[in-house]
Amino acid sequence: VFLAQHIETGFLVAIKKVSKVKIQEYNMVSRFIEEINLHSKLDHPNIVKFYGFFEEKDNICLVLEYLNGGTLFEYMNQVGTLSMKEAVGFLREVIEALDYVHEKGICHRDIKPENIIISS
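Bear in mind the structure is a predicted one, so any value in this text is a computation, not a measurement.

Calculation rules
- Residues numbered from 1 in each chain as written.
- Predicted model: local features only at pLDDT ≥ 70, side-chain atom pairs only at ≥ 80, totals over all residues.
- Heavy atoms only, no water.
- Patch = residues over 30% accessible without salt bridge, like charges linked within 9 Å, V, L, I, M, F, W, Y side chains within 5 Å.
- Areas by Shrake-Rupley, 256 points an atom, 1.4 Å probe, with all protein chains shown as cover.
- Salt bridge = Lys/Arg side-chain N within 4 Å of Asp/Glu carboxyl O.
- Lys, Arg positive; Asp, Glu negative; His and termini not counted.
- Charge placed at Lys NZ, Arg CZ, Asp CG, Glu CD.
- Helix = DSSP H or I, 4+ residues; strand = E, 2+ residues; numbered from the N terminus.
- Buried < 20%, exposed > 50% of the residue type's maximum accessible area, 1.4 Å probe, protein only.
- Core = buried A, V, L, I, M, F, W, Y, C linked by side-chain atoms within 4.5 Å.
- Phe/Tyr/Trp six-rings, centres within 6.5 Å; stacked < 30°, edge-to-face > 60°.
- Pairing = 2+ DSSP bridges.
- Expected span 1.5 Å × (residues − 1).
- Arc of directions from axis to C-beta.

Student: Lay out a negative patch on the surface in plain terms, naming residues and giving numbers.
Tutor: A grouping of Glu93, Glu96, Asp99 and Glu103 is seen on the molecular surface, where their side chains present a negatively charged patch. By the element assignment, glutamate 93 lies in helix H4 (residues 84-103). Judged by its relative accessible area of 37%, glutamate 93 is partly exposed.

Structure (C-alpha cells):
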C-alpha cells in the first residue's frame, strides 16, 4: 500500500497494488471486478471509501481513502491483551460495518485484525 495525493482533489489516498497475475492465477478476475463494483457503492463511516482503480504494468491499483492510523493487529501487538471494554468498542464498530454490508447482500470474506484500521 502506498500513500499518494489525488491530483484533482488534493486529498491523501492509499493506493493498494494487486497483482494481475495473482488474480488470474486463482481464477478470480470476475470476482475481483464484482467486489470493486460492490465496494464503490458502499458509504458507511466504518468502511474505507473506494475512489476508483487504474492499471499499472502487471498490477491493478485500487485508490482508497487514506486513514491515518494503524491496524488493530499492530495495536494489539503494542498493547497486548485488550480490556473487555476496549475489545467490545472495537467489535461494535466492526459489527456496524458488517451489518451495513450484509444488508447490501455482501459477505466480507477476510475479517481479521490486519484488515481493521484504527483511526480517529
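Student: Can you lay out the nonpolar core for me, pointing to particular residues and giving the numbers?
Tutor: If you look at the biggest cluster of nonpolar residues, it comprises nine residues: Ala14, Val18, Ile23, Phe32, Ile36, Phe50, Ile60, Leu62 and Leu64. At the level of secondary structure, the elements contributing two or more residues to this core comprise strand S2 (12-19), helix H2 (29-40) and strand S4 (59-65). When residues of this core are assigned to their parent elements, the largest contribution, three residues, is made by S4. Leu42, Ala97, Tyr100 and Ile106 belong to the second largest nonpolar core, which has six residues in total.

Student: Could you give me a rundown of the packing of aromatic side chains, with the residues and numbers involved?
Tutor: Pairs of aromatic rings are described using the distance from one ring centre to the other and the angle between the two planes. Summed over all chains, the structure comprises one aromatic pair. Between tyrosine 75 and phenylalanine 90, the ring centres sit 5.9 Å apart and the planes meet at 70°, which makes this aromatic pair edge-to-face. Of this pair, tyrosine 75 sits in helix H3 (residues 72-79) while phenylalanine 90 sits in helix H4, and the two are 15 residues apart along the sequence.

Student: Just give me the short version of the environment of lysine 112, but keep the residues and values in it.
Tutor: With respect to the element layout, lysine 112 can be found in the segment after H4. Note: C-alpha distance between lysine 112 and cysteine 61 (51 residues apart in sequence) is 22 Å.

Student: Before we move on, can you summarise the pattern of salt bridges with the specific residues and values?
Tutor: Scanning the model with the defined rule gives two salt bridges in all. Between glutamate 56 and lysine 17 there is a salt bridge; the shortest N-O distance is 3.5 Å. One end of the pair, glutamate 56, is in strand S3 (residues 50-56); the other, lysine 17, is in strand S2, with 39 residues separating them in the sequence. Look at lysine 17 and you get partly exposed, because its relative accessible area is 38%. The salt bridge partner of aspartate 110 is lysine 112, with a shortest N-O separation of 3.6 Å. Residue lysine 112 is classed as partly exposed on the basis of its relative accessible area of 33%.

Student: Which residues make up the pairing of S4, and what values do they have?
Tutor: The side chains of a regular strand alternate between both faces of the sheet. Across the seven residues that make up S4, a large majority, six, are buried. Bridge analysis of S2 against S4 gives seven bridges, and the strand direction is antiparallel. From the neighbouring strand, serine 19 faces S4, where its bridge partner is asparagine 59. Adjacent in sequence and paired antiparallel, S3 and S4 are bridged by two residues, among which lysine 57 carries a positive phi angle near 50°.

Student: Could you give me a rundown of H4, with the residues and numbers involved?
Tutor: Counted at 1.5 Å a residue, the expected span for H4 with its 20 residues is 28 Å, and the 28 Å between its end C-alpha atoms agrees. Taken residue by residue, H4 has Val94, Ala97, Tyr100 and Val101 as its buried positions. Within H4, the buried residues cover an arc of 115° as seen down the axis, which keeps them to one side. Of the exposed residues in H4, those oriented more than 90 degrees away from the buried face are Met84, Lys85 and Glu103. Directly beyond the C-terminal end of H4, a positive phi value near 80° is found at glycine 105.

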